[in-house]
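# Descriptive structure summary
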Amino acid sequence: MKRSYSLRLRLTLIILLPLLLVAGLAGVWQLNNARSTASDVFDRSLQSAALAVTNDVALSGGDALVANTRKILSDTSGGRVYYHVYAPDGVIVAGYATPPVGIPTSADGDLSPVYFNGEYLGREVRGYRMRTRMQVDGFSGVFTTTVWQDVSIRAAFVQDLTLRSLSVISSIILSLALIVWFGIRIGLWPLSDLQQAIDLRSGEDLKPIRRPVPVEVQGIVQTLNRLLGQVTEVMATQNEFISNAAHQLRNPIAGVLALAEAVRSAKSEDAMRERAEDLVNAVKDTSLLAQKLLTYERAKAIDQTSLKEAFSVNKLLDPLVSEFRNRFPPDVEIIWTPAPEDVRITGDRTMIREAVSNLIDNAFRHGGPELDTITVGFERLGPDLSITIADNGVGLTPDQIRTARMRFGQVSENSGGSGLGLPIVERVAERHGGWLELKDQNPGLVVRMIISVGTCAAASQPADFTPTQLSAAHPE
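In what follows, the accompanying structure is described. (Residues numbered from 1 in each chain as written. Predicted model: local features only at pLDDT ≥ 70, side-chain atom pairs only at ≥ 80, totals over all residues. Heavy atoms only, no water.)

### So, the overall build of the chain
A count of helices and strands for the chain gives eleven helices and twelve strands. The buried share of the chain, reckoned over its 476 residues, is 38%. (Helix = DSSP H or I, 4+ residues; strand = E, 2+ residues; numbered from the N terminus. Buried < 20%, exposed > 50% of the residue type's maximum accessible area, 1.4 Å probe, protein only.)

Quick look at the structure:
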């Protein structure tokens, strides 16, 4: 048993997983951006502190720093800044006596400021060194000002900034997840409505679903409606078959039963044999009728899956004609000449053979005493194929043709047929995209079954059909 899954959960994951990926990438970008921003902000703060210290040293001679400068040093970007100022001769003018380790050296004339990473009392620090030419208490030359700050302050700042950004992103993702989860639930309501519509269907009510549905599920509804239509058609066919079988087999079965009773109650051996012969004939007729009923239902059940067998028309008709030649009396000739240019078609080979067999059998049964020739042939009509059965018997009037095409239609009471031969042929032709034509040719009858198959070789053919065209295509 296959495991079921939630469409709602599936859609939620499909939407949220890419968003989580984007959020993760945004978080990484924000982290890098926070580090870059913090580095820039702290470096600028160190530069401002260095400028303030240098200015105060120049004005006071290193004796004191103004209040604003002390404030900058005590809390620059959230942390204490250390400093010292050296005179040109290397004597400390102001600040902390112990400098950080790792201050880069420069040439005497190089006044370029420089940032550096170093170590102060075992702690990692970030520093800024600037060299300024000035005069303090009579000393003139290049004074060096160095400021530095613990790196841990920067890390704490970056962490705080990153956590704030991640909190905002997480809140947005969580809010979006809730919106998506409940939004999909609301969006899937039409499916629940569709389910209710399907639940209303039953074996007695398979009408199509007509209520409005979203565009995304219209294909599903159309397929379902098509399936419901096919099921309805199959059920109708089965009901029709049961009705036909019950109606048509009731009398023959009753006759067979009566003959069987007559055989059992026969007073003499001769009477018993005579009634037994009648019983055998009745059973044969009943068996033929049952077979025709099954074939008729089989013809109605032809679908696309059974129309995929490729076969040769010559190889289909040749053994069939030989079979009827052996079955018919010698005074009835069947004319069949295999076509020199064979045609391969795709269709239901068994049912096409059954249809042609019915046409030949009908020509023999209903041709009358004048019948002595039955002609079998086929023609190519563009993408279609025409299989033609012609005879020189009594033929049929237009009214008789209409009767013969009806289900269980009998042209005469003594015909001995089932009345299903031509309806079977017509159904087979229709299921193959074609039709059936009957024309009286005086004498005789021409029956043409056209089947539309794309694999037939194309050939031009006059639109109007006359019986004389048959003899021209298949000379006797």
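### Things to note about the pairing of strand β11 (residues 435-440)
Pairing of β11 with strand β12 (residues 445-452) involves six bridges; the strand directions are antiparallel. Looking across to β12, one finds that Glu 437 is bridged to Arg 448. As consecutive antiparallel partners, β11 and β12 are separated by four residues, and within that stretch Asn 442 has a phi angle of approximately 45 degrees, a positive value. (Pairing = 2+ DSSP bridges.)

### Let's talk about a negative patch on the surface
Where like charges cluster on the molecular surface, the negative patch consists of Asp 270, Glu 274, Glu 277 and Asp 278. Assignment of secondary structure puts Glu 274 in helix α6 (residues 269-300). (Patch = residues over 30% accessible without salt bridge, like charges linked within 9 Å, V, L, I, M, F, W, Y side chains within 5 Å. Areas by Shrake-Rupley, 256 points an atom, 1.4 Å probe, with all protein chains shown as cover. Salt bridge = Lys/Arg side-chain N within 4 Å of Asp/Glu carboxyl O. Lys, Arg positive; Asp, Glu negative; His and termini not counted. Charge placed at Lys NZ, Arg CZ, Asp CG, Glu CD.)

### Details of the packing of aromatic side chains
One pass over the full model with this rule turns up ten aromatic pairs. Note on Tyr 82 and Trp 148: the rings are 6.1 Å apart at their centroids and 15 degrees apart in plane angle, and the pair reads as stacked. Of this pair, Tyr 82 sits in strand β1 (residues 82-86) while Trp 148 sits in strand β5 (residues 139-150); the two residues are 66 residues apart in sequence, bridging distant segments of the chain. Take Trp 148: its relative accessible area is 0%, and that puts it in the buried class. What links up through ring pairs into an aromatic cluster is the set Tyr 82, Tyr 83, Tyr 96, Tyr 120 and Trp 148. Its end group placed over the ring of Phe 324, Arg 327 keeps NZ or CZ at 4.4 Å from the ring centre. Here the basic side chain of Arg 349 rests over the ring of Phe 311, its NZ or CZ set 5.9 Å away from the ring centre. (Phe/Tyr/Trp six-rings, centres within 6.5 Å; stacked < 30°, edge-to-face > 60°. Lys NZ or Arg CZ within 6 Å of the ring centre and 35° of its normal.)

### Examining the pattern of salt bridges
Within the structure shown, the criterion is met by ten salt bridges. Between Asp 150 and Arg 123 there is a salt bridge, and its shortest N-O distance comes to 3.0 Å. Of this pair, Asp 150 sits in strand β5 while Arg 123 sits in strand β4 (residues 123-136), placing them 27 residues apart in sequence. For Glu 437, the salt bridge goes to Arg 448, with nearest N and O atoms at 2.9 Å. Taken together, the residues Glu 437 in strand β11 and Arg 448 in strand β12 connect sequence positions eleven residues apart. The same class applies to Glu 437 as to Arg 448, namely buried. Via salt bridges that share partners, Asp 43, Arg 126 and Arg 154 belong to a single interconnected network.

### Here we look at the environment of Pro 338
Within the element layout of this structure, Pro 338 appears in the loop between β7 (333-336) and β8 (344-347). In this structure the C-alpha to C-alpha distance between Pro 338 and Lys 315, which are 23 residues apart in sequence, comes to 8.7 Å. With sequence-adjacent residues up to four places away left out, Pro 338 is seen in contact with Asn 314 and Asp 318. (Contact = heavy atoms within 4.5 Å.)

### A few points about unusual backbone geometry
Phi is positive for Leu 121, which is not a glycine, with a value near 50 degrees. The class of Leu 121 is exposed, set by a relative accessible area of 61%.

Taken by themselves, the reported measurements are silent on function.
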